[in-house]
Amino acid sequence: MTEVSNNKIDEIIEAITDRKGKKISLLDLQKIESAPANSFVICQGSSTSQVSSIADSIRERLQKNLDTKPYNYDGYKNSQWIIIDYGDVMVHVFLPEFRDFYNLEELWNDASITNLPDLD
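Below you will find a few notes about this structure. In this numbering scheme, every chain counts its residues from 1 along its sequence in written order. With pLDDT at 70 or above as the cut-off, local features in this predicted model cover only qualifying residues; side-chain atom pairs require 80 or more to be listed or tallied, and sums for whole chains, interfaces and linings still use all residues. Excluded from the side-chain calculations are hydrogens and water; all other atoms, namely the structure's heavy atoms, are used.

What follows deals with the packing of aromatic side chains. The geometry of an aromatic ring pair is captured by two quantities: the separation of the ring centres and the angle between the planes. Two rings belonging to Phe, Tyr or Trp (six-membered ring only in the last case) form a pair when the distance between their centres is within 6.5 Å. Interplanar angles under 30 degrees mark stacking, angles over 60 mark edge-to-face geometry, and anything in between is tilted. If you walk through the whole model with that rule in mind, you get five aromatic pairs. Seen in terms of ring centroids, Trp81 and Phe94 are 4.8 Å apart; in terms of plane orientation they differ by 25 degrees. Their pairing is stacked. On the criterion of sequence distance, the pair formed by Trp81 in strand E4 (residues 81-85) and Phe94 in strand E5 (residues 89-94) is long-range, its members being 13 residues apart. Here Phe94 falls in the buried class, since its relative accessible area comes to 1%. Considering the side-chain rings of Phe101 and Tyr102, the 4.9 Å spacing of their centres and the 90 degrees angle between planes classify their relative orientation as edge-to-face. Here Phe101 falls in the exposed class, since its relative accessible area comes to 65%. In this scheme, a residue with accessible area under 20% of its type's maximum is buried, one over 50% is exposed, and one in between is partly exposed, where area comes from a 1.4 Å probe on protein chains only. Residue Tyr102 is classed as partly exposed on the basis of its relative accessible area, which comes to 37%. Through successive ring pairs, a cluster of aromatic residues spans Trp81, Phe94, Phe101 and Tyr102. Note on criteria: charge over ring means Lys NZ or Arg CZ within 6 Å of the ring centre, with the direction from the centre no more than 35 degrees off the ring normal. The ring of Tyr73 is capped by Arg59, whose NZ or CZ atom sits 3.8 Å from the centre of that ring. Secondary structure elements follow DSSP: runs of H or I no shorter than four residues count as helices, runs of E no shorter than two count as strands, and numbering proceeds from the N terminus.

With that out of the way, let us pick up unusual backbone geometry. Phi angles above zero are rare outside glycine, and Asp67 is one such case at about 50 degrees. When its relative accessible area of 63% is taken as the criterion, Asp67 is described as exposed. Residues other than glycine seldom take positive phi values, yet Ser79 does so here, at roughly 55 degrees. As for its placement among the helices and strands, Ser79 is situated in the loop between strand E3 (72-74) and E4.

What follows is the structure, encoded as structure tokens:
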């Protein structure tokens, strides 16, 4: 991954942990020709308000620390699954049941997947 991508991912992880997001997974998609991004960061919150708070934290932190705005984002209406598109990195913030249902880790199982330990 490029240094810029690594900086984004580091900031995204910090933003997620700041809001007590859980089960953070990093998917390296660079070797998958059809992938929509180089990396996915996937996490979950326990309520719709936590999911939207995590997504807000990510957007605010990248804007403040890296002067980076997302190309697009969606999902705030229901806050069950919010996706934030930074071009090379896509962030998915789920409620647990929606994460289980869509199972992106299985869908992209040919990616290199790193699961980060929860902090508490």
